[in-house]
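The lines below spell out each chain.
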There are 2 protein chains.
Amino acid sequence: MEGFFRHFLSLYRPLITTLNELLSAYNLSYSLWQVIVFVKNNGPSTLVDISNHYNVEKPTITRRVHRLEELQIVRQIPGKDRREKIIQLTESGEEIYQECRKMITNLEYSVMEGIPKEERFATFQTLPKIQNNIINKESNKNE
Amino acid sequence: MEGFFRHFLSLYRPLITTLNELLSAYNLSYSLWQVIVFVKNNGPSTLVDISNHYNVEKPTITRRVHRLEELQIVRQIPGKDRREKIIQLTESGEEIYQECRKMITNLEYSVMEGIPKEERFATFQTLPKIQNNIINKESNKNE
DNA sequence: AGAGTATAGTTACCTTTAGTAATAGTTACT
DNA sequence: AGTAACTATTACTAAAGGTAACTATACTCT
């Protein structure tokens, strides 16, 4: 498997750049899009929910959510625990989600052009397994 | 293929973090490692060679090479064209390459644990194809 | 041969993204 | 009631890269 990381990481920059360009039409970047996707898929969420899911520190999520609030894509709703800040998509946030979802799914298909179905599927399945292996390794190390 | 980018990009941070931790034993990071690998594989190279290969701007490579010079991992050698700065690995750079190469290859195998050979192979082959698709898309756009 | 153009590298400045440490406010525990 | 734990935020810092302007050198071509 020598060279796997090289292949993986040299794809990262072109991909993230392309996505950021796509999303810039809505003043978004991929890091903001991640928050939108999480809230869309999981319903109203706290910042800790989001930061746990993406393995990212809380201040990072604070910043992302602030920007999404400025863009009026998410809004805070009141909850029982007054320490928590529960956010959900606004109506315009829902619309923007739908439009970006379309663009991104189109791109997801178009970057797969010329790649056999089985290979697509194998790759799709393999990446999360690798991620699990890495995360388990990390957590073993910290014990 | 909806969700492919999500899988891909959520692997990025754990992976790059793990690699940077590994390489920090040699005061390196993955971005510096890329330069070492290029020079190792391609022999003495100019900064433009490197920046073209990684689709990265020239100042970025200037910075990386300066840090590698400080670490005495690469050194400049004289060339015919006096505009160019041709760099190659030093002896200690070669040694560090060998040691890091071992560590990284080990990691490459260990993150693949529990994944069938065919899937590993499919993923290995698919990533560069996706990258080509993206790069072609980009260059079409700029015509 | 000389003027204009292209190329390699560098410098200075800025942007994006994220991490760490400390802190305020709120809830849970006992 | 008082302490501990948790949520979010603020301030500071770091890593990485981009853009524009610049220097020095080489190339072109009439």
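None of these values were measured; they are calculated from a predicted model. (Residues numbered from 1 in each chain as written. Chains lettered and ligands numbered in written order. Predicted model: local features only at pLDDT ≥ 70, side-chain atom pairs only at ≥ 80, totals over all residues.)

**Here's the deal with the relation of the copies chain A and chain B**
Superposing chain A onto chain B takes a rotation of 180 degrees combined with a translation of 0.0 Å along the rotation axis, leaving an RMSD of 0.0 Å. Here the copies are linked by what is in effect a two-fold axis. Looking at the rotation axis and the C-alpha trace of chain A, the residue lying nearest is Thr123(A), at 2.3 Å. Mapped onto chain B, 98% of the interface residues of chain A are again interface residues, and the two copies thus contact each other with one and the same surface. (Least-squares fit on C-alpha atoms with pLDDT ≥ 70 in both. Contact = placed C-beta atoms within 7 Å.)

**Side note on the protein's contact with DNA strand D**
Around DNA strand D, a shell composed of 20 residues is seen, among which Thr46(A), Pro59(A), Ser29(B), Glu57(B) and Arg82(B) lie nearest. Elements with a minimum of two residues in the surface near DNA strand D: helix 3 (47-54) and helix 4 (58-70) of chain A together with helix 4 (58-70) of chain B. With 4 residues, the top contributor of residues to the surface near DNA strand D is helix 4 of chain A. Partitioning the surface near DNA strand D into residue classes produces 6 nonpolar, 6 polar and 8 charged. (Near = placed C-beta within 6 Å. Helix = DSSP H or I, 4+ residues; strand = E, 2+ residues; numbered from the N terminus. Nonpolar A, V, L, I, M, F, W, Y, C, P; charged D, E, K, R; others polar.)

**Considerations on the protein's contact with DNA strand C**
Close to DNA strand C lie 19 residues; Ser29(A), Arg82(A), Thr46(B), Leu47(B) and Pro59(B) are nearest. Among the elements that line the surface near DNA strand C, the one with the most residues is helix 4 of chain B, at 4 residues.

**Examining the domain arrangement of chain A**
Splitting chain A by domain gives domain 1 (8-111) and domain 2 (117-143). For domain 1 of chain A and domain 2 of chain A, the distance between their C-alpha centroids amounts to 23 Å. (Domains from an automatic or database assignment.)

**Some thoughts on the interface of chain A and chain B**
Facing 44 residues of chain A, the contacting portion of chain B comprises 43 residues. Counting residues per element, the ones that place at least two in the side of chain A that touches chain B are helix 1 (4-24), helix 5 (91-110) and helix 6 (117-141) of chain A. Among the elements that make up the side of chain A that touches chain B, the one with the highest residue count is helix 6 of chain A (17 residues). Looking at the side of chain A that touches chain B residue by residue, the class counts come to 24 nonpolar, 11 polar and 9 charged.

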